[in-house]
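Working through the structure, step by step
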Amino acid sequence: MKRGLVVLDPAEIPPGELDRRVADLQGHLRRQPLAAALIYADVYHSGDITYLTNICVYWNEALLAVPASGGPALLSKISRRVHPWMRATSNLDDLRSGPNLADLVGQFVGELGPGAIGMVEMDWWPARVVQDIEAALPGRDLEDLGGVVRRRRRAPSAPETALLRTAARLTGQAVTTALDGPFTNPERAGRAELTARLGGAEDVSVYCHPSTAGADTIEVVSEYRGYWTSAARVVANGDVPWAAPMDEAYRAGVSALGRGVTAERVHDAVDGLLAPTGLGWRADLIDHTDLETDGGYRWAADAGEPLADASVFALRLELDLPDGSSAVLADTFEIDGGTARCLTRNGHDANPE
Amino acid sequence: MTTPPPAPPVDGKQEEEDVGARIQRVRDAMDRAQLDGILAFAPGWRRENVRYLTGAALRGAFAFGYLPARGQAAAFVGNVADEQAVRQAGWVPDVRVLAFPDVRAVAARIRDDLGDRGRLGVAHLELMPRAIHGSLRDQLGRAELVSATRLMDMLRLVKSPWELEQIRRAGVVCSAGWAAFVAALHPGVAEYEVVANVEAELKRLGAEDNFMLFASGGDEVRGMTPPGARRLQPGDMVRTELTPQLGGYYAQICRSAVLGEPSEGQRRSFELFNEAVQAGLDAVRAGVTAGDVARAENDVFRKHGYGEYTTSQYTRVRGHGHGLHPDEIPALLEDNETVLEENAVIIVHPNTYTPLAGYHVLGDPVVVTRGGYQPLLTTERKLFTAPV
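Keep in mind the model is a prediction, meaning the values are calculated, not measured.

As a further point, take the overall build of chain B. Regarding its fold elements, chain B presents 10 helices and 17 strands. Seen through its C-alpha atoms, chain B measures out along the principal axes to roughly 70 × 40 × 40 Å. Out of the 388 residues in chain B, the part that is buried amounts to 65%. Within chain B, contacts between residues at least 6 apart in sequence are counted, and of these 69% link residues at least 24 apart. Summed over its atoms, the accessible surface of chain B is roughly 13,800 Å², and 47% of this surface lies on carbon and sulfur atoms. Charged side chains in chain B number 43 positive and 50 negative. The centres of these two groups are separated by 3 Å.

And the structure:
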């Protein structure tokens, strides 16, 4: 959960950076033209709002309303008592709270001129919230804006790239501290959690589990200043015949990474090495914008997108083991100058190959 | 860190009996509500109903648990890890992996049971994305979809003996978490560093997750949030609401601690809140309403001239239920007529701001019994202090 450090640090996010992102979206709205965009978030899925405002939706649901001109507003069920904290950690002045999101939308849109309202990734909104907003905005057209914010997030700015590198380094450190030593899996989880949270991670998920009787998997997915990265390692404690082919397959997957590469190509690189094991497996490329939801909010078409320059993503290889457990290897990479650079390993082992 | 006393072991036989009784309770409720099936929907942040039906610790963005009025339950999940989790729990043998938002397999299974019509209760229908809702709606023909969120909330309000054991185990970890919290309090330590130490200790003890709010400072503090970079100072009151999850179940503690010797205002504030907690607890027993408990707490504030600080301007609720979710019904509010039944679990916490010492948190979770309540924590209720 989002129980870690929440700050807006001008050394990390320069003054004007958030406003530039909002202005970019507003330019898109004016070109449509649309009177405003609405973005829905809950505590599990809030990256678009954080990208535009640095707001941490730490509980419940919230909407960000971005007018084509003027300042955005956060509409939420969160108590007014935390508005001062939200102002201190975001670029927002306009914070509105109430028990019904649609009522807040009705009030906000009522202050705008005519025009349709864009709904970002409308198909992932709760149907009931959309129905309530339709009822609150009689005569206003609602249009699906698709992944307009997520597409912008997939091409990170220089400050974002710097934050993603810091985030990935922290995730790598967290998983490393859990590896060596005679630890139980809960102890591994505690060590990873401590490293990540002391390093300033806002949210951390640590998955430590047996991978057959002879090995453990340690997977860390963490959020630092709104930026998600992941890494996973397998620690073998005994005879694990699947470990070597899995490792070799993972290295082959890493070698295949680069500008223009798709998940299918990585799949092909891995397949020849894992097919002889007879075990089930999945190789996935997850853009950093999708790590907060474990890739669960992607559309089928997203899976075919080739890696672009400057994109930051995780390669995740999961192997199904004979006893019903699984093993995971993962790292976060950046496409830099056409090639993939691992961000979650230190110095000499920056790339696992 | 202090190692807590060992939590009671999980009793597999009791679990098996509990699952059977639980399914029967759900079916009895379905019968009363004239439902032909229950479909529990779990978005990533509200998994409690699917866990209630499957026993599985999920990590995916979406999942369903399905229970027809007659026949076997089923689960539909979005990734293989969740499929493994459902199989490992062993409650629901029929589990399938979907590529959300494609829910044709869910609709097909429901049609097999309900035909082209029938009445399906959907828990967390209000949170179901359009893409999933529209597809399900289109494929279920003339079947009626109604919200079953309240029905499931009411079912989960009353805990079984096996569930109470899980919450007691979570309570042991909760008490250890508070001990770790106090141990981490030193002048110069940043708020987020305190939380890091607590989170690490909770995970070390096996907690799956933790809901936690934090605040530090003096009488200017008006509420709690995630932690910041503020560094603790002598005289600070440091407040937390700490809610670890173990085996699916949450247990909550609310406490405040002072760095150094408490001020007169901090002492008076603790006395006020402690009296209110005790008054609330004294009102707890099976058959009273959530409003009765809230009123007892608020009467103490009114008696001492602080009644205005019990309103929504300063506070949210005077306590609430918890179980598979950290914030369950009933909200302890004076106008809430929900009846507390035997074996409900609630935390009584009159947390609010007063001018005495700013926002103050104090509260204990209890099991509602016929004659009163059983405490779930062993942590002393006092104004804790940390050396400076």
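Tallying secondary structure elements over chain A gives 10 helices and 13 strands in all. Relative to a compact globule of 353 residues, whose C-alpha radius of gyration would be 20 Å, chain A shows 22 Å and is just as compact. Principal-axis analysis of the C-alpha atoms places the extent of chain A at approximately 70 × 40 × 35 Å. Looking at chain A as a whole, 61% of its 353 residues are labelled buried. Counting contacts in chain A only where the partners sit at least 6 residues apart, residues at least 24 apart contribute 64% of the total. Averaging the positions of the 33 positive and the 50 negative side-chain charges in chain A gives two centres separated by 5 Å.

Let us now look at the sheet that holds strand 6 (residues 144-147) of chain B. Residues and elements named next belong to chain B. The strand order across the open sheet built from six strands is 4-3-2-1-5-6, with neighbouring strands paired in mixed fashion. In this open sheet, the two edge strands, each paired with only one partner strand, are strand 4 (94-97) and strand 6. Taken over all neighbouring pairs, the strand axes of this sheet differ in orientation by 20° on average, direction set aside. Pairing geometry for strand 3 (residues 74-77) and strand 4, over four bridges, is parallel. Among the inter-strand pairings, Ala74 is bridged to a residue of strand 4, identified as Asp94.

Right, let's get into the environment of Asn351 of chain B. Residue and element names in this part refer to chain B. Turning to its location among the elements, Asn351 is positioned in the loop between strand 12 (345-348) and strand 13 (352-354). C-alpha of Asn351 to C-alpha of Ala279: the two residues are 72 residues apart in sequence and 14 Å apart in space. Every residue in contact with Asn351, bar those within four places of it in the chain, is listed here: Glu241, Cys254, Phe273, Thr315, Val317, Arg318, Tyr359, His360, Val361 and Leu362. Reaching out from Asn351, the side chain makes a polar contact with the backbone nitrogen of Leu362 at a distance of 3.0 Å.

Before going further, it helps to examine the pairing of strand 2 (residues 62-68) of chain B. All names here are of chain B. With seven of seven residues buried, strand 2 lies mostly within the body of the structure. Neither face of strand 2 is exposed, since Phe62, Phe64, Tyr66 and Pro68 on one face and Ala63, Gly65 and Leu67 on the opposite face are all buried. Where strand 1 (residues 37-43) lies against strand 2, seven bridges are found, and the strand directions are antiparallel. Each bridged residue has a counterpart across the sheet, and for Gly37 the counterpart in strand 2 is Pro68.

At the interface, 52 residues of chain A touch 52 residues of chain B. Both sides of the chain A and chain B interface together cover about 4,100 Å² of buried area, and 62% of this is carbon and sulfur. On the surface where chain A and chain B come into contact, there are four salt bridges. Ionic pairing is found between Glu219 of chain A and Arg59 of chain B, a salt bridge with its closest N-O pair at 3.0 Å. Along the contact surface separating chain A from chain B lie 14 residue pairs in polar contact (both at pLDDT 80 or more). When residues of the side of chain A that touches chain B are traced back to their parent elements, those giving at least two are helix 5 (127-136), helix 8 (185-198), strand 8 (215-224) and strand 11 (312-320) of chain A. If one sorts the elements of the side of chain A that touches chain B by residue count, helix 8 of chain A sits on top with eight residues. When the residues that make up the side of chain A that touches chain B are grouped by side-chain class, the tally is 25 nonpolar, 10 polar and 17 charged.

Quick look at helix 7 (residues 161-183) of chain B now. Here helix 7 of chain B contains 23 residues, and its C-alpha end-to-end distance of 33 Å stays within 8% of the 33 Å for a straight helix at 1.5 Å per residue. Burial within helix 7 of chain B is extensive, with 18 of its 23 residues counted as buried.

All names here are of chain B. Of note, Gly78 is situated in the loop between strand 3 and helix 3 (80-89). When its relative accessible area of 35% is taken as the criterion, Gly78 is described as partly exposed. Between the alpha carbons of Gly78 and Pro161 there is a distance of 31 Å; along the sequence they are 83 residues apart. What Gly78 contacts, discounting residues up to four positions off in sequence, is Phe62, Val97, Leu98 and Phe100.

Turning to the packing of aromatic side chains, a few remarks are in order. Counted under the stated rule, the structure contains 22 aromatic pairs over all chains. An angle of 40° between the planes, with centres 5.6 Å apart, marks the rings of Tyr40 of chain A and Trp125 of chain A as tilted. Taken together, the positions of Tyr40 of chain A in strand 1 (residues 36-42) and Trp125 of chain A in the loop between strand 5 (117-120) and helix 5 put the pair 85 residues apart, joining distant regions of the chain. In this structure, Tyr40 of chain A and Trp125 of chain A share a single accessibility class: buried. Between Tyr314 of chain B and Tyr353 of chain B, the aromatic rings sit 5.9 Å apart at their centres with planes inclined by 15°, giving stacked as the arrangement. With a gap of 39 residues between them, Tyr314 of chain B in the loop between helix 10 (290-303) and strand 11 (319-321) and Tyr353 of chain B in strand 13 connect regions that are remote in the sequence. Exposure class is identical for Tyr314 of chain B and Tyr353 of chain B. Each is buried. What links up through ring pairs into an aromatic cluster is the set Trp124, Tyr297 and Trp299 of chain A together with Phe41, Phe62, Phe64 and Phe100 of chain B. A cation over an aromatic ring shows up here: Arg222 of chain B above the ring of Tyr353 of chain B, its NZ or CZ 4.0 Å from the ring centre. The ring of Phe301 of chain B is capped by Arg318 of chain B, whose NZ or CZ atom sits 5.2 Å from the centre of that ring.

Once that is clear, we can look at the sheet that holds strand 1 of chain A. Paired through backbone hydrogen bonds, the strands of a sheet run either parallel or antiparallel to each other. All names here are of chain A. Taking strand neighbours across the sheet as the criterion, the six strands line up as 4-3-2-1-5-6 in an open arrangement whose pairing is mixed. Of all strands in the sheet, those with a lone pairing partner are strand 4 (94-97) and strand 6 (142-146), marking the two edges. Geometrically, the sheet is characterised by an average inter-axis angle of 25° between neighbouring strands, direction not taken into account. Looking at chain direction, strand 1 and strand 2 (residues 61-67) are connected through seven bridges and run antiparallel. For Asp42, the partnering residue across the bridge sits in strand 2 and is Glu61. The strands touched by helix 4 (residues 101-110) are strand 1, strand 2, strand 3 (73-76), strand 4 and strand 5; relative to strand 3, the strand with the most contacts, the crossing angle is about 155°.

Right, let's get into the side chain of Ser216 of chain B. As for its position among the elements, Ser216 of chain B is in strand 7 (residues 209-217). Sequence-distant contacts of Ser216 of chain B, that is, excluding residues within four places in its chain, are made with Glu191, Val221, Arg230, Leu232, Asp236, Met237, Val238 and Arg239 of chain B.

Residue Pro33 of chain A follows Gln32 of chain A across a cis peptide bond; omega there is -5°. Tracing the backbone shows Pro33 of chain A in the loop between helix 1 (17-31) and strand 1. Cis geometry is found at the peptide bond from Phe100 of chain B to Pro101 of chain B, where omega equals 10°. With respect to the element layout, Pro101 of chain B can be found in the loop between strand 4 and helix 4 (104-114). In this structure, Glu121 of chain A is a non-glycine residue whose phi angle is positive, near 50°. With respect to the helices, strands and loops of the structure, Glu121 of chain A is situated in the loop between strand 5 and helix 5. Despite not being glycine, His124 of chain B shows a phi value in the positive range, around 60°. For His124 of chain B, the location among the structural elements is in the loop between strand 5 (119-123) and helix 5 (130-139).

Calculation notes
Residues numbered from 1 in each chain as written. Chains lettered and ligands numbered in written order. Predicted model: local features only at pLDDT ≥ 70, side-chain atom pairs only at ≥ 80, totals over all residues. Heavy atoms only, no water. Helix = DSSP H or I, 4+ residues; strand = E, 2+ residues; numbered from the N terminus. Buried < 20%, exposed > 50% of the residue type's maximum accessible area, 1.4 Å probe, protein only. Contact = heavy atoms within 4.5 Å. Areas by Shrake-Rupley, 256 points an atom, 1.4 Å probe, with all protein chains shown as cover. Lys, Arg positive; Asp, Glu negative; His and termini not counted. Charge placed at Lys NZ, Arg CZ, Asp CG, Glu CD. Rg over C-alpha atoms; globule rule 2.2 N^0.38 Å. Pairing = 2+ DSSP bridges. Axes fitted to C-alpha atoms, helices over the stretch in contact; angles between N-to-C directions. Polar contact = N/O pair within 3.5 Å; in protein donor to acceptor, adjacent residues only side chain to side chain. Buried area = accessible area lost by both parts, 1.4 Å probe. Salt bridge = Lys/Arg side-chain N within 4 Å of Asp/Glu carboxyl O. Nonpolar A, V, L, I, M, F, W, Y, C, P; charged D, E, K, R; others polar. Expected span 1.5 Å × (residues − 1). Phe/Tyr/Trp six-rings, centres within 6.5 Å; stacked < 30°, edge-to-face > 60°. Lys NZ or Arg CZ within 6 Å of the ring centre and 35° of its normal.

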